[in-house]
Amino acid sequence: MDEIRPNSGAQAHGLVPLFPPGLQAIYGECRRLYPDQANPLQVTAIVKYWLGGPDPLDYISMYRNTGCPAQDVQEHWHYVSFGLMNLTVFTGADGPSGFGFELTFRLKREVGETAPPTWPAELMQGLARYVFQSENTFCSGDHVSWHSPLDNSESRIQHMLLTEDPQMHPIQTPFGTVSFLQIVGVCAEELQASQQWNGQGILELMRGIRIAGGPWLITDMRRGETIFEIDPHLQQERVDQGIETEGSNLSGVSAKCVWDDLSRPPEDEEDSRSICIGSQPRRLSNKDTEQIRETLRKGLEFNTKSALPPIGSQKQNHDRAQSRKDSLDSESSAAIVPHELVRTRQLESVHLKFNQESGTLLPLCLRGRLLHGRHFTYKSINGDTAITFVSTGVEGAFATEEHPYAAHGPWLQILLTEEFVEQMLGDLHELGSRDETKLPKEYSWPEKKLKISILPDSVFDNLLQ
């Protein structure tokens, strides 16, 4: 449970509060922006997360921002979190402090509003819970599929993008660096466009439209039109052209997905599928987990040649992960299936199963990623299944043109030639529409020994019950 209270009385008198140096640095940055608001309202966790409480963020300060008339920036409420940084482990001056960022949010101030709404604090706590529980960090340009109005109203603003806060500068603390990532509320159509193209591109379009956020990307929960309804030319002239020339920056998603090896009977004890009814699923090893994380991060980088990191590469976030909760190691499969004993298997025939939301991203995977020589990964939220589609130009994959289906434990890689990608795009075109598809839906390419099924969510939910 959270409570709302004024900030420290020491700040009200212009004194430096008795907080750890890291928090002092954040407060200092806030004081730089709001010198006349030394005692802002705060939402604070009554029971701290490290004492067993449900909310990871210790504090969320709420400021009244007057905007910037010169830039046509409207008045709004500015929310700043305290809790994602690390206050106890020294990672070096150049390393990240904890997760390396704090969250911010800018909400349009309604006429007559004298106090900031508190629902953004719970929204920020929800994102923080995801970060702490999954240990996945956010980056500028990332998207969050929320599927519900952010304020639990009837608003069309039901998803989020993340970007650098336009006013708050990265800070240096004794425990590492901290940046500020701002949450930006978006409509479903804007989320889909960011997935098909890239988040930064959509954010830039929103900066040019005052009602959609303007230069500081202020969220207006009463906004009733998407940027494509406000300016119909944006979809074709900017987004479609961007997809065609640049492809998509989205390299993977968490999804409801399963894969089956049709080359062997389901009861085969050596089957490495991650979801096996009636048996304990095998888990990804530490090294595979790190490689998939590296795979997802690679999609955000503009490389001249796309490459999967080699199995065994653990460089990404290694030091950072060790400075935080050690859940990946404690829950890893190393003790269940030693990595060196898990061999890579070539498969003759595979069956891929996705829920509808994941299935709608298949055209994006093919058109926005593989046709541009890149890769795309589905990582199951129900287990350790991972499905990575790779093109012939991707280096480091264990799937090859000779053996296009290959598995390393529960991680499946599928190599698709450009010709086959074009064929699949024609067959799967209906998945890219916003219309509901009658489920189940099955697509099959017998000559390629590949089958894809789009199934209701309940099928995946029941698998692990």
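Residues numbered from 1 in each chain as written. Predicted model: local features only at pLDDT ≥ 70, side-chain atom pairs only at ≥ 80, totals over all residues. Heavy atoms only, no water.

### Thoughts on the overall build of the protein
Thought 1: From N to C terminus, the protein includes 14 helices and 19 strands.
Thought 2: Counting the 465 residues in the protein, one finds 54% classified as buried. (Helix = DSSP H or I, 4+ residues; strand = E, 2+ residues; numbered from the N terminus. Buried < 20%, exposed > 50% of the residue type's maximum accessible area, 1.4 Å probe, protein only.)

### Some points on the packing of helix H4 (residues 188–196) against helix H5 (residues 199–207)
Thought 1: At a closest axis distance of 7 Å, the pairing of H4 and H5 adopts a crossing angle of 135°. Considering their axes alone, H4 and H5 lie oblique with respect to each other. Taken together, the residues of H5 that come into contact with H4 (itself represented by Glu190, Ala193 and Ser194) are Gly199, Ile202 and Met206.
Thought 2: Residues of the contact of H4 with H5, tallied by class, amount to three nonpolar, two polar and one charged. (Axes fitted to C-alpha atoms, helices over the stretch in contact; angles between N-to-C directions. Parallel < 35°, antiparallel > 145°, perpendicular 65-115°, else oblique. Contact = heavy atoms within 4.5 Å. Nonpolar A, V, L, I, M, F, W, Y, C, P; charged D, E, K, R; others polar.)

### Re the pairing of strand E18 (residues 441–445)
Thought 1: Bridge count for E18 against strand E19 (residues 450–455) is five bridges, and the pairing is antiparallel. Looking across to E19, one finds that Trp445 is bridged to Leu450.
Thought 2: Taken together, E18 and the strand that follows it, E19, pair antiparallel across an intervening segment of four residues, in which Lys449 is found at a positive phi of about 55°. (Pairing = 2+ DSSP bridges.)

### Things to note about the environment of Ser248
Thought 1: Residue position: Ser248 is located in the loop between helix H7 (233–246) and strand E10 (252–255).
Thought 2: According to the relative accessible area criterion, Ser248 is buried, its value standing at 0%.
Thought 3: In this structure the C-alpha to C-alpha distance between Ser248 and Arg367, which are 119 residues apart in sequence, comes to 8.4 Å.
Thought 4: Other than its neighbours up to four places away in sequence, Ser248 contacts Gln195, Gln196, Trp197, Leu364, Gly368, Arg369 and Arg374.
Thought 5: Polar side-chain contacts of Ser248 include one of 2.8 Å to the backbone oxygen of Gln195. (Polar contact = N/O pair within 3.5 Å; in protein donor to acceptor, adjacent residues only side chain to side chain.)

### Details of the confidence of the model for the protein
Thought 1: The pLDDT averaged across the protein works out to 82; a share of 76% of its residues lies at or above 70.
Thought 2: pLDDT under 50 marks residues 8–18. Its contacts with residues more than four places away, or in other chains, come to 15 contacts. (pLDDT = per-residue confidence, 0-100.)

### Details of the sheet that holds strand E14 (residues 375–380)
Sheets are built from strands paired through backbone hydrogen bonds, the pairs being either parallel or antiparallel.
Thought 1: With mixed pairing, six strands are arranged side by side in an open sheet as E10-E14-E15-E17-E16-E12. In the strand order of this sheet, the two ends are held by E10 and strand E12 (344–347), each with one partner. Geometrically, the sheet is characterised by an average inter-axis angle of 20° between neighbouring strands, direction not taken into account.
Thought 2: Sheet topology note: the E14/strand E15 (residues 386–391) ladder contains five bridges and is antiparallel.

### Section: the pattern of salt bridges
A side chain with one charge may pair with a side chain of the opposite charge, provided their charged atoms come close.
Thought 1: With the rule as written, the count across this model stands at 19 salt bridges.
Thought 2: One salt bridge in this structure joins Glu29 and Arg32, with 2.6 Å as the shortest N-O distance. Here Glu29 and its partner Arg32 are both found in helix H2 (residues 21–33), three residues apart, which amounts to about one turn of the helix.
Thought 3: In this structure Glu29 comes out as buried when scored by relative accessible area, which is 8%.
Thought 4: The exposure class assigned to Arg32 is partly exposed, which follows from its relative accessible area of 41%.
Thought 5: The shortest N-O distance in the salt bridge between Arg106 and Asp165 comes to 2.8 Å. With Arg106 in strand E5 (residues 96–108) and Asp165 in the loop between strand E7 (159–164) and strand E8 (171–173), the pair connects residues that are 59 residues apart, well separated along the chain.
Thought 6: Overlapping salt bridges bring together Asp55, Glu122 and Arg129 as one network. (Salt bridge = Lys/Arg side-chain N within 4 Å of Asp/Glu carboxyl O.)

### Regarding the side chain of Ser81
Thought 1: Relative to the helices and strands, Ser81 is located in strand E4 (residues 76–82).
Thought 2: Among the polar contacts listed, one links the side chain of Ser81 to the side chain of Glu102, at a separation of 2.6 Å.
Thought 3: Of the polar contacts made by the side chain of Ser81, one reaches the backbone nitrogen of Leu103; its length is 2.9 Å.
Thought 4: Leave out the neighbours within four places in its chain, and Ser81 touches Leu57, Tyr59, Ile60, Glu102, Leu103 and Met124.

### So, a nonpolar patch on the surface
Thought 1: A cluster of nonpolar side chains, contributed by Ile46, Val47, Trp50 and Leu51, occupies part of the molecular surface with about 460 Å² of accessible area.
Thought 2: You can see Trp50 is positioned in the loop between strand E2 (41–45) and strand E3 (59–65). (Patch = residues over 30% accessible without salt bridge, like charges linked within 9 Å, V, L, I, M, F, W, Y side chains within 5 Å. Areas by Shrake-Rupley, 256 points an atom, 1.4 Å probe, with all protein chains shown as cover.)

### Some details on the sheet that holds strand E13 (residues 350–355)
Thought 1: Taken together, the four strands give an open sheet; going across it, the order is E11-E13-E19-E18, and neighbouring strands pair in mixed fashion. Looking at which strands have only one partner, the edges of the open sheet turn out to be strand E11 (257–261) and E18. The sheet shows a mean angle of 15° between the axes of neighbouring strands, taken without regard to direction.
Thought 2: As defined by bridge partners, E13 adjoins E19 across six bridges and the pair is classed as parallel. When the sheet's bridge partners are listed, His351 is paired in E19 with Lys451.
Thought 3: Taken strand by strand, helix H13 (residues 418–427) contacts E18 and E19, and its axis lies near 150° from that of E18.

### Focus: the nonpolar core
Thought 1: Counting 35 residues, the largest nonpolar core has Leu352, Phe354, Tyr378, Ile387 and Phe389 as the members making the most contacts within it.
Thought 2: In contact with Leu352, not counting residues within four places along its chain, are Val258, Trp259, Ile387, Phe389, Leu412, Ile414, Leu450, Lys451, Ile452 and Ser453.
Thought 3: Of all hydrophobic cores here, the second largest spans 29 residues; its members include Leu127, Val131, Leu150 and Cys187. (Core = buried A, V, L, I, M, F, W, Y, C linked by side-chain atoms within 4.5 Å.)

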